[in-house]
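Survey of secondary and tertiary structure
Spelled out, the chains give:
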Number of protein chains: 2
Amino acid sequence: MTDPVLVEVTRGEVVESVHRGAIAVYDADGKAAWEVGDTTQLVFPRSAVKSIQALPFVESGAADAYGFGQKELALVCASHSGEPQHVDLARSMLAKAGLDETALECGWHWPSNQEATVALARSGGAPNALHNNCSGKHSGFLCTCRHLGIDHRGYVKAGHPEQEMVREAMETVTGAAHDAGHRGTDGCSIPTYAVPLRSFALGFARMATGRGLAPRRAAAAKRLMGACMAEPFFVSGTGRADVGLMQAAPGRIFVKTGAEGVYCGAVPELGLGVAVKCDDGAGRGAEVVVASVLAKLLKSDTALSSRLARIANPPVESRVGAKVGTLRPTAALA
Amino acid sequence: MTDPVLVEVTRGEVVESVHRGAIAVYDADGKAAWEVGDTTQLVFPRSAVKSIQALPFVESGAADAYGFGQKELALVCASHSGEPQHVDLARSMLAKAGLDETALECGWHWPSNQEATVALARSGGAPNALHNNCSGKHSGFLCTCRHLGIDHRGYVKAGHPEQEMVREAMETVTGAAHDAGHRGTDGCSIPTYAVPLRSFALGFARMATGRGLAPRRAAAAKRLMGACMAEPFFVSGTGRADVGLMQAAPGRIFVKTGAEGVYCGAVPELGLGVAVKCDDGAGRGAEVVVASVLAKLLKSDTALSSRLARIANPPVESRVGAKVGTLRPTAALA
């Protein structure tokens, strides 16, 4: 099937571009609350499932052994912007495990936050793997290995004990088989598996409610999602959608973006998980979709729903900051 | 109609994302040589038509009066990367007209070339409007105004004599009415008009051949396109697709990217113009499409066609530079 147009990008009175995609909203029992488009399509969740991938870090006792608090737990679930607070926290996590950035196997890039890039360059500095948006997740992997006495070298490779723990957590939570035939390599070099989009909606309903998870796993899920909702800056960065959405209703909304137009989320009070994929991989489209879905799910709270609807209708601006168009959800999202 | 999928983005063995779009290839008499998808859809050409917008700069005599050569002509048609050579040349153009960057009304942003941004920050510098990717085009507008004795203030606004000259050129070359009802504001604050995609293919066939244009216009078109093909770096920047495509066959291929998934081009030896729009606005998709179209049009030159096909199949890489997937044209482009 052809997924419907979910988002329009306008300029003046003309629709300039469109984003198609699919949406799955599920409860923890596997019942669909709302579906749009083909939710059986195989999707790499990319960074949207970092909180699930972080379960072994908590369940193994590593997080407690190193005395990590909510900021560290949030950073392990993060695609951060490489701002100094993110980089410093990742460095301190590795130091507690007796490691430094040379142990990270995620590769490096300049911070996605432009001010951070400019400040780093002005200071005469250069980026390293700590600035990689995934450095928190990888620090969590490394701490888990150190805590469990596993040789951390090659920890990003499929088959390494760390990635086997991650795969087991992903399979258990999403209920979908993660097999080598649908395995790809993520931007940060770890395995990522394409499974039906709806599996992630089910998975995040389970993460948010604990239903269908073993008690220790349910407790770890609650801690990780609670940490993200309490410290959204450490999951994301200045001015980004994850922060705006989670700050719109502290403790009531969990969201996490992933590359290639993926967004996952949960509304614990409703017991629902959300998974979104823009077919074209557009992050700007996925942001509008997830904000619209949340506005719809939470419409009984009219003030909150209005805030979310504003996030779902961001302006398109010129280089002098004039509004020249808008992104907007289509009727398929109404 | 729903445009077909033109490009697939793979990861491992799985298609992760797709780009839909439309393609028009026309000759200068308005005959379609090849069409895919809805080529009647209204499209803002954005920066892909800067060479047409530059016609008054040459026709007015401004380019000659200030002694500009091929590099300056190329820069006036450019979406440059803000590298020092681009910025310096735009500055020198304005200086010849007795102006500086404070006359530019395009707004500013950090260079799109990351090395240029880092070098600028390391030097303690800060960007201004000269670093805007459109500063060459705007310098051309300002030089035209100065040469003709027109007050340049407000030169970006619809109705200003400069923009009326640009609109007349766009209408004449594309054959499509440019009316206020389909007017938007471009990122650099000038008017942009949504007209049928196929109009741009016809327009670039005319630009490349001179057929259907008045002699002075045909001569200006030939100079501008020749300058772009001779100096592709000044139209674009280090490592970018415009440079790679034009350098693949010097003097035989003209291409120009635009925002929101637009690409225009021409193959002068075939007398054909090309216009591409990715429905979702993805530049990566439009690059694959235009490279594939050129490979097809020039297939009788097997060595060149192979080079273009390689450009049409770029790798997806992880942060450590490993190939983890590919972008590839679909059968709709075969």
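Our structure's up above, just so we're on the same page.
Since this is a predicted model, take the numbers as computed values, not measurements.

Let us now look at the overall build of chain A. When helices and strands are counted, chain A shows 14 helices and 12 strands. Over its C-alpha trace chain A gives a radius of gyration of 19 Å, about what one expects of a compact globule, namely 20 Å for 334 residues. Summarising its shape, the C-alpha atoms of chain A cover approximately 60 × 50 × 40 Å along the three principal directions. In chain A, buried positions account for 62% of the 334 residues. Restricting to contacts in chain A with at least 6 residues of sequence separation, those with at least 24 account for 64%. As displayed, chain A has an accessible area near 11,600 Å², and 50% of this comes from carbon and sulfur atoms.

Take the relation of the copies chain B and chain A next. At an RMSD of 0.0 Å, chain B and chain A line up after a rotation of 180° and a shift of 0.0 Å along the axis. Here the transformation between the copies is reduced to the relation of a two-fold axis. Residue arginine 122 of chain B of chain B places its C-alpha closer to the rotation axis than any other residue of that unit, at 2.3 Å. Of the residues that chain B buries at the interface, 100% are likewise interface residues in chain A, meaning the two copies contact each other through the same surface.

Let's shift gears to the pairing of strand S1 (residues 5-11) of chain B. All names here are of chain B. Counting buried positions along S1 gives 5 out of 7 residues, so the element sits mostly inside the fold. Across 6 bridges, S1 lies against strand S2 (residues 14-27) in antiparallel orientation. Counted as the bridge partner of valine 5 is arginine 20 from S2. The antiparallel hairpin formed by S1 and S2 contains 2 residues in its connecting segment, where glycine 12 sits at a positive phi of about 55°. Here 3 bridges tie S1 to strand S12 (residues 323-329), and the two strands are oriented antiparallel to one another.

Moving on, we come to the pattern of salt bridges. Residue and element names in this part refer to chain B. The final tally for this structure, using the stated rule, is 32 salt bridges over all chains. For glutamate 16, the salt bridge is made with arginine 11, and the minimal N-O distance between the two is 2.7 Å. Across the pair, arginine 11 and glutamate 16 agree in class, each one buried. One salt bridge in this structure joins arginine 217 and glutamate 168, with 2.9 Å as the shortest N-O distance. Taken as a pair, arginine 217 in helix H10 (residues 215-230) and glutamate 168 in helix H8 (residues 161-174) lie far apart in primary sequence, 49 residues in all.

All names here are of chain A. The topology assignment puts histidine 178 in the loop between helix H8 (161-174) and strand S5 (183-185). When its relative accessible area of 4% is taken as the criterion, histidine 178 is described as buried. Spatially, the C-alpha atom of histidine 178 lies 29 Å from that of glutamate 269, the residues being 91 residues apart in sequence.

This paragraph deals with the interface of chain B and chain A. Across the contact, 45 residues belong to chain B and 45 residues belong to chain A. Interface area for chain B against chain A, summed over the two sides, is near 3,600 Å², with a carbon-plus-sulfur share of 53%. The tally of links between chain B and chain A comes to 4 salt bridges. In this structure, arginine 46 of chain A and glutamate 16 of chain B form a salt bridge, with 3.1 Å as the shortest nitrogen-oxygen distance.

Residue and element names in this part refer to chain B. Here 3 bridges tie strand S11 (residues 315-317) to S12, and the two strands are oriented antiparallel to one another. Opposite glutamate 317, over in S12, you have lysine 323 as the bridge partner. Between S11 and S12, which pair antiparallel and follow one another directly, the connecting turn spans 5 residues, one of which, glycine 321, has a positive phi of 80°.

Residue and element names in this part refer to chain A. Counted according to the given criterion, the structure contains 10 aromatic pairs over all chains. With a centroid separation of 6.0 Å and an interplanar angle of 25°, the aromatic rings of phenylalanine 57 and phenylalanine 68 are classed as stacked. With a gap of 11 residues between them, phenylalanine 57 in helix H2 (residues 55-59) and phenylalanine 68 in the loop between helix H3 (62-65) and helix H4 (70-76) connect regions that are remote in the sequence. Taking the relative accessible area as the measure of exposure, phenylalanine 68 reaches 5% and is therefore buried. Above the face of the tryptophan 34 ring, lysine 296 is positioned so that its terminal group lies 4.3 Å from the ring centre.

Attention now goes to the side chain of histidine 86 of chain A. Residues and elements named next belong to chain A. With respect to the helices, strands and loops of the structure, histidine 86 is situated in helix H5 (residues 84-96). Since its relative accessible area comes to 0%, histidine 86 is described here as buried. Not counting chain neighbours up to four residues away, the residues in contact with histidine 86 comprise Leu75, His80, Ser81, Phe233, Phe234, Ser236 and Gly237.

Attention shifts here to the packing of helix H7 (residues 135-148) of chain B against H8 of chain B. Residue and element names in this part refer to chain B. Between H7 and H8, the least distance of the axes is 10 Å, while the angle of their chain directions is 110°. Our classification of the angle between H7 and H8 gives roughly perpendicular. Here H7 and H8 pass one another in a crossing that is right-handed. Contact residues: H7 offers Phe141, Thr144, Cys145 and Leu148, while H8 offers Glu162, Gln163, Met165 and Val166. Residues of the contact of H7 with H8, tallied by class, amount to 5 nonpolar, 2 polar and 1 charged.

Each pair of packed helices can be described by the angle between their axes along with the distance between the axes. Residue and element names in this part refer to chain B. Across the interface, helix H13 (residues 283-297) lies against helix H14 (residues 302-311) with an axial gap of 8 Å and an inter-helix angle of 165°. In terms of orientation, H13 lies roughly antiparallel with respect to H14. Considering how the two elements wind past one another, H13 and H14 form a crossing that is left-handed. Where H13 approaches H14, its residues Ala291, Leu294 and Ala295 are matched on the opposing element by Ser305, Leu308, Ala309 and Ile311.

Each α-helix winds once per 3.6 residues, and so residues spaced three or four apart point in a common direction. Residues and elements named next belong to chain A. Here helix H13 (residues 283-297) is 15 residues long and its end C-alpha atoms lie 21 Å apart, about the 21 Å a rise of 1.5 Å per residue gives. Counting buried positions along H13 yields 11 of 15 residues, so the element is predominantly enclosed. Within H13, burial applies to Gly285, Ala286, Val288, Val289, Val290, Ala291, Ser292, Val293, Leu294, Ala295 and Leu297.

Cut-off values and rules
Residues numbered from 1 in each chain as written. Chains lettered and ligands numbered in written order. Predicted model: local features only at pLDDT ≥ 70, side-chain atom pairs only at ≥ 80, totals over all residues. Heavy atoms only, no water. Helix = DSSP H or I, 4+ residues; strand = E, 2+ residues; numbered from the N terminus. Rg over C-alpha atoms; globule rule 2.2 N^0.38 Å. Buried < 20%, exposed > 50% of the residue type's maximum accessible area, 1.4 Å probe, protein only. Contact = heavy atoms within 4.5 Å. Areas by Shrake-Rupley, 256 points an atom, 1.4 Å probe, with all protein chains shown as cover. Least-squares fit on C-alpha atoms with pLDDT ≥ 70 in both. Pairing = 2+ DSSP bridges. Salt bridge = Lys/Arg side-chain N within 4 Å of Asp/Glu carboxyl O. Buried area = accessible area lost by both parts, 1.4 Å probe. Phe/Tyr/Trp six-rings, centres within 6.5 Å; stacked < 30°, edge-to-face > 60°. Lys NZ or Arg CZ within 6 Å of the ring centre and 35° of its normal. Axes fitted to C-alpha atoms, helices over the stretch in contact; angles between N-to-C directions. Parallel < 35°, antiparallel > 145°, perpendicular 65-115°, else oblique. Left-handed = near helix turned anticlockwise from the far one by under 90°. Nonpolar A, V, L, I, M, F, W, Y, C, P; charged D, E, K, R; others polar. Expected span 1.5 Å × (residues − 1).

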